[in-house]
Amino acid sequence: MTTFDEVLEQTLGEIDFDPDALKARYLAERDKRLRPDGNSQYVEVAGDFSSYVDDPYADPIERDALTDHTDIVIIGGGFGGLLMGGRLREAGFDDIRVIEKGGDFGGTWYWNRYPGAMCDVESYCYLPMLEELDYIPKHKYSYAPEIMEHSRNIAQHYGLYDNALMSTEVTAMRWDDGAGIWHIDTNRGDHVTARAVITAAGPLSRPKLPGIAGIDDYQGHTFHTSRWDYDYTGGDNAGGLTGLENKRVGIIGTGATAVQCVPHLGASAQELFVFQRTPSSIDVRNNRETPEDFADSLEPGWQYARMENFNRMVIGAKTDVDLVNDGWTDIFRNLTGIAAKRASEQLGRRLTGKEKGRLMEMADYRKMETIRRRADEVIEDPDIAERIKPWYRQFCKRPCFHDDYLPTFNRPNVHLVDTEGKGIDRFTETGLVANGQHYELDCIIFATGFEVGTSYTRRAGYDVAGRDGVLLSDKWADGLRTLHGMQTAGFPNSFHMGFTQGAVTVNVPQTLNEQAVHISHILATTRDSEATVVEVTPEAEQEWVDEMIDKARLGERFRAECTPGYYNNEGKSGNGNGFFAANYGAGPVKFFQILEDWRDDGSLSGCELRSAPPDDEAKASTT
Ligand code: NDP
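Residues numbered from 1 in each chain as written. Predicted model: local features only at pLDDT ≥ 70, side-chain atom pairs only at ≥ 80, totals over all residues. Heavy atoms only, no water.

Caption draft 1: The arrangement of the overall build of the protein in detail. Across its full length, the protein holds 22 helices and 21 strands. Since a compact globule built from 623 residues should have a radius of gyration of about 25 Å, the 25 Å found for the protein is in line with a globular shape. Seen along its three principal axes, the alpha-carbon backbone of the protein occupies a region of about 75 × 70 × 55 Å. When each of the 623 residues of the protein is scored for burial, the buried share is 57%. (Helix = DSSP H or I, 4+ residues; strand = E, 2+ residues; numbered from the N terminus. Rg over C-alpha atoms; globule rule 2.2 N^0.38 Å. Buried < 20%, exposed > 50% of the residue type's maximum accessible area, 1.4 Å probe, protein only.)

Laid out in structure tokens, this is it:
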């Protein structure tokens, strides 16, 4: 009879690593990085730091302040807002307004234009509405300019430019229960009203800066990667940063963003210093052009089928075929339920929980050993290769895929400054101090990521007053409270998209599409019932909160052993606003099924409908 150890060996090959030693090393590396201030180590980009979030891409616009009414307002013109607008148009809603902070549609792809910016999730799954627009992306992994253009095309296709307010930030929202409308104020003095408001602000949209001593003292040039200063660097998304030819450049951070732009900085800067606190896991990318015959075999419905196939692969659900077949699906094939199912078949019985955990852990060690070996193979200097190796389990941080990042450290002008988990010591007027050594720098680039785990309203940049003036910031002070992540009691006709008690997917637009379909269904059903106000009941909300808490336990121990980062609330568990606290622990396949069953039931279960005064009376009450 085959034993579990034999199956383990058949699955993983010869075990040429010491799992106990690796586990001890992982915990030691985590401990090096733990710090008592957790998330509060970062500085809010406000006040003196506001210039870090100014829009460097939009031409200044002058316009009169507006005072008018639309049926539906969507806040945010990224993929969430685009999908929402599209699905609402398909459901027959004509009177829609998008309000967007940026100068155009695109969201994260509007802001993140840094050199090398691209999506590392397969484009045929990632770019929304490919079938609706009859578009096939140029590469397996799309570059930012193409994604931005596709965003504009979606907006054109669905008429979302009509009535849109660009370069406009919402500053406050207030519900008028008698009139059944929302009042929305903006930074351009607008005071507009709407029957319903959908917030699609994006989960990683507010840049964050490290709270490093002396940050104000530095006199050189600085910017955040999500506001790339091409006037200073020259070049574009494809590189050619000629402005840096005679510059000593520092970049802080080695996350997914830095991994994509460091190769271009290394190619152009006179000297590049990469300040590393925790190394990323860098797997092979292998991008390629879309084959000419790619579209020939596609049947209607192909994009949703491909998204769903990818989603099932990465969640470890049963699938007969791997349509995407890339670094992501390779990881998940080996590290999730798919591997466990394979092992069960070989063993002729179900694995015990302990066996399953051991298989996953061993497969994880194997995978990360491959990642670490790649550093040895690619990087010529063994000391740098050693320092750039990640020592944690694969999903402690977001996996990265890139073919040019590691070789960049073979350039003589590129220097890795490994701070061994400590980060930068301080800024000076002329540069940075790290490991006690001063680095003179002409320019410092913050690749330090985005706020996660702070309050929802702080990230949105405005507060929302619901019925009786109750503030959303107060209601969600100890954590989110929603039905299905989209509605919350006391805030009628308002909906949230993104990671707010729904399911996190690797392919984020799939979640956004499911939410857009769902919200559109709720609004259409409300309209068809000749009601104008829909609100979730406190009881339905509580049931979902209980379900979220119940399922949240999955993965908590795993994350506690991880090196700190935004996935585990910087090493401090128990934050009701944290990244995974807002994630449905039973996964997206189950979550999407729950939504579909709820819609099929047709009764808007857990919601109450009522009629407020007709629109013209509502409009009359707007002043
Ligand atoms: P991250 O939050 O992933 O990375 C921030 C980096 O800054 C980390 O390396 C962090 O170190 C470092 N850092 C923070 N403070 C300090 C300090 N005081 N001293 C030194 N280093 C510091 O941000 P990114 O912008 O890289 O990525 C954010 C997310 O955006 C990704 O996780 C991904 O979800 C998404 N993204 C997706 C892409 C795609 O292709 N689809 C491409 C790019 C980004 P430490 O790790 O120690 O905290």
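Caption draft 2: Expanded view of the site of the ligand. Taken together, 27 residues surround the ligand, and among them Arg33, Asp120, Thr257, Thr278 and Tyr566 come closest. Within the side chain of arginine 33, an N or O atom sits 2.7 Å from an oxygen atom of the ligand. Alanine 447 has a polar backbone atom sitting 3.4 Å from an oxygen atom of the ligand. Coverage of the ligand by the protein chains reaches 89% of its 910 Å² of free accessible surface. For the shell around the ligand, the per-class residue count stands at 13 nonpolar, 9 polar and 5 charged. (Near = heavy atom within 4 Å. Polar contact = N/O pair within 3.5 Å; in protein donor to acceptor, adjacent residues only side chain to side chain. Areas by Shrake-Rupley, 256 points an atom, 1.4 Å probe, with all protein chains shown as cover. Nonpolar A, V, L, I, M, F, W, Y, C, P; charged D, E, K, R; others polar.)

Caption draft 3: Layout of the environment of glycine 77. The residue glycine 77 is located in the loop between β2 (69-75) and α3 (79-90) in this model. Sequence separation of glycine 77 and valine 452 is 375 residues, and the distance between their C-alpha atoms is 20 Å. The residues contacting glycine 77, other than those within four sequence positions of it, are Leu82, Val98, Glu100, Phe105, Gly106 and Gly107. (Contact = heavy atoms within 4.5 Å.)

Caption draft 4: Representation of the packing of aromatic side chains within the structure. Taken as a whole, this structure holds 25 aromatic pairs when the rule is applied. Taken together, a centroid distance of 5.0 Å and an interplanar angle of 50° make the contact between tryptophan 328 and phenylalanine 401 tilted. Remark: phenylalanine 401 occurs in strand β12 (residues 400-401) and tryptophan 328 occurs in helix α11 (residues 327-335); sequence separation between them is 73 residues. Neither tryptophan 328 nor phenylalanine 401 differs from the other in exposure class; each is buried. Between arginine 25 and the ring centre of tryptophan 391, over which it is positioned, the NZ or CZ distance is 3.8 Å. One residue, arginine 113, lies across the ring of tyrosine 57, its end atom 3.9 Å from the ring centre. (Phe/Tyr/Trp six-rings, centres within 6.5 Å; stacked < 30°, edge-to-face > 60°. Lys NZ or Arg CZ within 6 Å of the ring centre and 35° of its normal.)

Caption draft 5: Geometry of the nonpolar core. In terms of nonpolar packing, the biggest core is built from 127 residues, with Ile198, Trp228, Ile251 and Phe409 touching the most fellow members. If you tally residues by element for this core, the top one is helix α13 (residues 353-378), at 8 residues. If sequence neighbours within four positions are ignored, phenylalanine 409 has contacts with Val262, Val274, Ile379, Ile384, Ile388, Val414 and Leu416. Judged by nonpolar contacts, the second largest core, of 22 residues, contains Tyr456, Leu480, Val533 and Ala582. (Core = buried A, V, L, I, M, F, W, Y, C linked by side-chain atoms within 4.5 Å.)

Caption draft 6: Here's a closer look at the sheet that holds strand β9 (residues 248-252). The strand order β8-β17-β9-β10-β13 describes an open sheet built from 5 strands, whose pairing is parallel. Since the sheet does not close on itself, it has two edges, and those belong to β8 (221-224) and β13 (414-418), each with one partner. Direction aside, neighbouring strands of the sheet carry axes that sit 20° apart on average. By the bridge criterion, 5 bridges tie β9 to strand β10 (residues 271-276) in an arrangement that is parallel. Residue arginine 248 lies in a different strand from β10, and its bridge partner there is glutamate 271. (Pairing = 2+ DSSP bridges. Axes fitted to C-alpha atoms, helices over the stretch in contact; angles between N-to-C directions.)

Caption draft 7: Representation of the side chain of serine 280 within the structure. Tracing the backbone shows serine 280 in the loop between β10 and β11 (282-283). With a relative accessible area of 10%, serine 280 lands in the buried category. Engagement of the side chain of serine 280 in a polar contact is seen with the backbone oxygen of threonine 254, the distance being 2.6 Å. Ignoring anything within four residues of it in the chain, the contact list for serine 280 reads Thr254, Gly255, Val259, Ile388, Pro390, Tyr392 and Cys400.

Caption draft 8: Summary view of the pairing of strand β16 (residues 437-440). Examined bridge by bridge, strand β15 (residues 431-434) and β16 share 4 bridges and lie antiparallel to one another. Bridging from a neighbouring strand, alanine 434 pairs with glutamine 437 of β16. With antiparallel pairing between neighbouring strands as the criterion, β15 and β16 make up a hairpin whose turn holds 2 residues, including asparagine 435 at a positive phi of roughly 50°.

Caption draft 9: Quick look at a negative patch on the surface. Taken together, the side chains of Asp5, Glu6, Glu9 and Glu14 present a region of like negative charge at the surface. Looking at the secondary structure, you find glutamate 9 in helix α1 (residues 4-12). (Patch = residues over 30% accessible without salt bridge, like charges linked within 9 Å, V, L, I, M, F, W, Y side chains within 5 Å. Salt bridge = Lys/Arg side-chain N within 4 Å of Asp/Glu carboxyl O. Lys, Arg positive; Asp, Glu negative; His and termini not counted. Charge placed at Lys NZ, Arg CZ, Asp CG, Glu CD.)

Caption draft 10: The arrangement of the sheet that holds β16 in detail. In spatial order, the strands read β14-β15-β16; together these 3 strands make up an open sheet with antiparallel pairing. The sheet is open, and its two borders are formed by β14 (426-427) and β16, each paired with just one other strand.

Caption draft 11: Focus on the side chain of glutamine 510. For glutamine 510, the position within the fold is in helix α18 (residues 508-528). At 2.8 Å, the side chain of glutamine 510 forms a polar contact with the side chain of glutamate 308.

Caption draft 12: Examining the pattern of salt bridges more closely. All chains considered together, the criterion is met by 35 salt bridges. Its salt-bridge partner being aspartate 68, residue arginine 97 comes within 2.8 Å of it at the nearest N-O pair. With a gap of 29 residues between them, arginine 97 in strand β3 (residues 96-99) and aspartate 68 in the loop between β1 (42-43) and β2 connect regions that are remote in the sequence. The salt bridge involving aspartate 177 is made with arginine 610; its shortest N-O contact spans 2.7 Å. One end of the pair, aspartate 177, is in the loop between β4 (170-176) and β5 (181-186); the other, arginine 610, is in strand β21 (residues 607-610), with 433 residues separating them in the sequence. The class of aspartate 177 is partly exposed, set by a relative accessible area of 28%. Given the relative accessible area of 31%, arginine 610 is considered partly exposed.

Caption draft 13: Layout of the packing of α11 against α13. One can describe the packing of α11 onto α13 by two numbers: an axis separation of 9 Å at closest approach and a directional angle of 145°. Across the interface between the two elements, Asp330, Ile331, Asn334 and Leu335 of α11 pack against Met360, Ala363, Asp364 and Lys367 of α13. Considered class by class, the residues forming the contact of α11 with α13 number 4 nonpolar, 1 polar and 3 charged.

Caption draft 14: Spotlight on the state of the cysteines. This model, assessed by the stated rule, comprises 1 disulfide. A sulfur-sulfur separation of 2.0 Å characterises the disulfide bridge that pairs cysteine 396 with cysteine 562. Judged by the torsion about the S-S bond (-70°), the cysteine 396/cysteine 562 disulfide is left-handed. Of the two residues, cysteine 396 sits in the loop between α14 (382-387) and β12 while cysteine 562 sits in the loop between α20 (556-560) and α21 (588-601), which places them 166 residues apart along the sequence. Cysteine 562 carries the same exposure label as cysteine 396, and that label is buried. A disulfide-free cysteine, cysteine 125 has its sulfur positioned 10.0 Å from the sulfur of cysteine 119, the nearest such atom. (Disulfide = S-S within 2.5 Å.)

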